[in-house]
Structures are given as structure tokens and as C-alpha cells.
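# Structure assessment
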Amino acid sequence: MSESEGTAQGAGTRTRLILAALPLAIFLGLALIFWTQLNSGRDISEIPSALIGTKAPFRDLEPLVGALRDGVQVPALSAEAAKGKLTLVNFWASWCVPCRQEHPVILSLSKDPRLTVVGVNYKDGSENALRFLGELGNPFSAIGLDPVGKMAIDWGVYGIPESYLVGPDGTILYKKVGPFDEKSLKDGLFPAIEKALGAPAKAG
């Protein structure tokens, strides 16, 4: 074997070793990133959204026919339903277990005079959605059907339940991934509401 052939063979061996080690290096790098995120102390449900500070991308959605509130048919969700109001947009579905867990909180928020609460029924069947609201109560002043998730894509939804606070001028102010709980209300939504209304945040 000539010197040039030996050099070429050695280079080929090094290349194969590098290529073999590359997947392991990528895996270790990703594992380090995930570990850092999990141990950062941040609430991973408070995922920042590129849409915060931009106009909410409402669509004119079909209504959930048969959805009643106080005996009256709830209208379809559109930009007009939220115009001029501080609005909480909640993406939900009857098949979503966390949505069921969160629902009492959404019902409570619907009684807050500062807020209008509207719903986007995501990839659901109308009969199932109506059964869900009939069983648990209807907190929504407007409901839109998003059967294939087009509006969810527009809003950058990660997974439901997911909620957005939209200002009276249509600007997205706050985003919550996952169900609301006492901590996320106290530390996230309520301060965002108070800021939107120009009220000082409550102590404690």
C-alpha cells in the first residue's frame, strides 16, 4: 500500500467515525437543551407567542347551532363579537380531558364583568360539543366551529385548552397554553387584565 493510499484510507475512517458519532452528538445537544428548560424554573405552559402585540387573526366561523346561554342561541364567533371589548378566546373540545377540568374556571371567568369570554370549538362534533356544554354549562357569549383547525393554525395553537386575552382594539395581550389554575390566574391572566384596563396589579 502506497503512502497516499494509506492517507486516503485513514481519512475515510475518520469521516466514517465522525458520521457515526454525529447522531449521538445531536441527541446529547437536544437532551441538554430540554434539561436546561425543565430546570430553569420557568412555567413551560406560559409559552410566548409571536402574535402577542399583533392583531388577533379572527375568522368568521360557523355557529354551534343549538348552543344556548340563558335560553338564547349563542351567536357565531367573528371579529365583531370581540370588537371594543376585553375578550378571552378559549380553544376547547368535548374530547379534551384538560378542557373538562378547566371548564369551571372558564365558567367563573365568564361572570367577570371586565371580560367577554368566547369559545372556539376545535376539531369536534357539534353533538358532542352541545352535550359537553349541556352537562357542564355554557360560559361563552359567542362560539365558532373550527372543524379542521384553520383558525387554530392562524393563532399558533400548540394544544388545547389554550386561551388568549385580546384587547378592545383587537390586539393579543396574553396567551395561556393548557388549563388555567389558581397560579396561572393569579400570576398571568389577572395581571394582564388589570394592565389592559389600566388598573394597578393587586398585591398578594
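Structure shown above.
Here's what I pulled together on the structure shown here. (Residues numbered from 1 in each chain as written. Predicted model: local features only at pLDDT ≥ 70, side-chain atom pairs only at ≥ 80, totals over all residues. Heavy atoms only, no water.)

What the chain contains, in helices and strands, is 6 helices and 7 strands. Listed N to C, the secondary structure of the chain is α-β-β-α-β-α-β-α-β-α-β-β-α in terms of helices and strands. Expressed as a percentage of its 204 residues, the buried residues of the chain come to 38%. Within the chain, residue pairs in contact and separated by at least 24 positions form 72% of the contacts whose partners lie at least 6 positions apart. In the form shown here, the chain has an accessible surface area of approximately 11,700 Å², with 62% of it arising from carbon and sulfur atoms. (Helix = DSSP H or I, 4+ residues; strand = E, 2+ residues; numbered from the N terminus. Buried < 20%, exposed > 50% of the residue type's maximum accessible area, 1.4 Å probe, protein only. Contact = heavy atoms within 4.5 Å. Areas by Shrake-Rupley, 256 points an atom, 1.4 Å probe, with all protein chains shown as cover.)

Within helix α4 (residues 126-136), the full set of buried residues consists of A129, F132 and L133. Considered in projection along α4, the buried side chains sweep an arc of 90° and stay on one side of the axis. α4 presents E127, R131, G134 and E135 as exposed residues on the side facing more than 90 degrees away from its buried surface. Lining the buried residues of α4 we find β3 (87-92), α3 (97-110), β4 (116-122) and β5 (143-146). Once α4 ends, the next one or two residues include G137, with phi positive near 105°. (Arc of directions from axis to C-beta.)

Moving on: the state of the cysteines. Under the defined criterion, the tally for this structure stands at 1 disulfide. Each disulfide pairs two cysteine sulfurs, and for C96 the partner residue is C99, the sulfurs being separated by 2.4 Å. Handedness of the C96-C99 disulfide follows from its S-S torsion of about 85°: it is right-handed. (Disulfide = S-S within 2.5 Å.)

Counting buried positions over the 5 residues of strand β6 (residues 162-166) gives 5, a clear majority of the element. Burial along β6 is two-sided: E162, Y164 and V166 facing one way and S163 and L165 facing the other are all buried. Relative to strand β7 (residues 172-177), β6 runs antiparallel, the two sharing 5 bridges. Across the sheet, residue S163 finds its bridge partner in β7, namely K176. Between β6 and β7, which pair antiparallel in sequence order, lie 5 residues; one of them, G170, sits at a positive phi of approximately 90°. (Pairing = 2+ DSSP bridges.)

Running from N to C, α3 and α4 cross one another at 55°; their axes reach a closest spacing of 11 Å. The orientation of α3 with respect to α4, classified from their angle, is oblique. Every pair of crossing elements has a handedness; the one defined by α3 and α4 is right-handed. Contacts between α3 and α4 involve C99, R100, H103 and L107 from the first element and F132, L133, E135 and L136 from the second. Classifying every residue of the contact of α3 with α4 by side-chain character gives 5 nonpolar, 1 polar and 2 charged. (Axes fitted to C-alpha atoms, helices over the stretch in contact; angles between N-to-C directions. Parallel < 35°, antiparallel > 145°, perpendicular 65-115°, else oblique. Left-handed = near helix turned anticlockwise from the far one by under 90°. Nonpolar A, V, L, I, M, F, W, Y, C, P; charged D, E, K, R; others polar.)

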